[in-house]
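# Architecture at a glance
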Amino acid sequence: MTTPSDADGVAPPTPAGPHTVRLALTGDLDYDTSGDLLDQVHLALRDRADVDDLRLDCRKLGTVDSTGLSTLLQIHRSAGQDGIGFHLDNIGPALQRLLDLTGTYEYLTTPQQSEPANENRNN
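### Topic: the environment of cysteine 58
Mapped onto the secondary structure, cysteine 58 falls in strand β4 (residues 53-64). The sequence separation of cysteine 58 and isoleucine 91 amounts to 33 residues, and the corresponding C-alpha distance is 5.4 Å. Those residues in contact with cysteine 58 that sit more than four places away from it in its chain are Leu25, Leu88, Asp89, Asn90, Ile91 and Leu95.

See below:
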């Protein structure tokens, strides 16, 4: 996994409240780094049954390719299934343009109706 000094990756979770996990995305989100993001999200949520919100800070996010977009959609879907709110914070112009072009901006940025929490989320 990447460290905070690496150009691409995910910074360690930062405090954002007792029921919120915040991850800062850095560098590019693409074929090479999407698996790392999925791993970090899974690790951050694995032992936290009390999490209500997942916030991905996109302030330092670079290029996002189709695999990166697919990963964001997958995380959004999984969060909803687990009853966790999903938020993209500090969306830059490049990411907003991609989300607009693909018709996913509203889907990824509108508060979602979460499904009942999955009983085996931590398994």
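### Looking at unusual backbone geometry
In this structure, asparagine 90 is a non-glycine residue whose phi angle is positive, near 55°. Its location among the elements puts asparagine 90 in the loop between β5 (85-89) and α3 (93-102). For asparagine 90, a relative accessible area of 37% corresponds to the partly exposed category.

### Details of the pairing of strand β3 (residues 20-29)
Extensive coverage of β3 is indicated by the burial of seven of its ten residues. One ladder, built from eight bridges, connects β3 with β4; its direction is parallel. For alanine 24, the partnering residue across the bridge sits in β4 and is aspartate 57. In the classification by handedness, the crossover that spans β3, the intervening helix α1 (residues 34-46) and the parallel β4 is right-handed.

### A look at the layout of surface pockets
Here the largest pocket defines a volume of roughly 260 Å³. Listed by contribution, the elements that provide at least two residues to the lining of the largest pocket are α1 and α2 (66-81). When residues of the lining of the largest pocket are assigned to their parent elements, the largest contribution, five residues, is made by α1.

### Examining the packing of α1 against α2
Interaxial distance between α1 and α2 falls to 9 Å at its minimum, and their mutual angle equals 20°. In terms of orientation, α1 lies roughly parallel with respect to α2. The hand of the α1/α2 crossing is right-handed. Packed against α1, whose contacting residues are Ser34, Leu37, Leu38 and Val41, the element α2 presents Thr67, Gly68, Thr71, Leu72, Gln74 and Ile75 at the interface.

### Comments concerning α2
A rise of 1.5 Å per residue sets the reference length of α2, with its 16 residues, at 22 Å; its end C-alpha atoms lie 23 Å apart and thus fit the reference within 8%. If you check which residues of α2 are buried, you get Gly68, Leu69, Thr71, Leu72, Ile75, His76, Ala79 and Gly80. Those residues of α2 hidden inside the fold are in contact with β3, α1, β4, β5, α3 and α4 (105-109). The opening residue of α2, the one whose side-chain oxygen lies 3.0 Å from the backbone nitrogen of threonine 67, is aspartate 65. The first or second residue beyond α2 is glycine 83, which carries a positive phi of 75°.

What counts and what doesn't
- Residues numbered from 1 in each chain as written.
- Predicted model: local features only at pLDDT ≥ 70, side-chain atom pairs only at ≥ 80, totals over all residues.
- Heavy atoms only, no water.
- Helix = DSSP H or I, 4+ residues; strand = E, 2+ residues; numbered from the N terminus.
- Contact = heavy atoms within 4.5 Å.
- Buried < 20%, exposed > 50% of the residue type's maximum accessible area, 1.4 Å probe, protein only.
- Pairing = 2+ DSSP bridges.
- Right-handed = clockwise from strand over helix to strand, strands pointing away.
- 1 Å grid on protein atoms, 1.4 Å probe; cavity = no way out; pocket = protein on both sides within 12 Å on 5 of 7 lines; lining within 4 Å.
- Points joined across faces, edges and corners; volume = space filled by probe spheres on them.
- Axes fitted to C-alpha atoms, helices over the stretch in contact; angles between N-to-C directions.
- Parallel < 35°, antiparallel > 145°, perpendicular 65-115°, else oblique.
- Left-handed = near helix turned anticlockwise from the far one by under 90°.
- Expected span 1.5 Å × (residues − 1).
- Polar contact = N/O pair within 3.5 Å; in protein donor to acceptor, adjacent residues only side chain to side chain.

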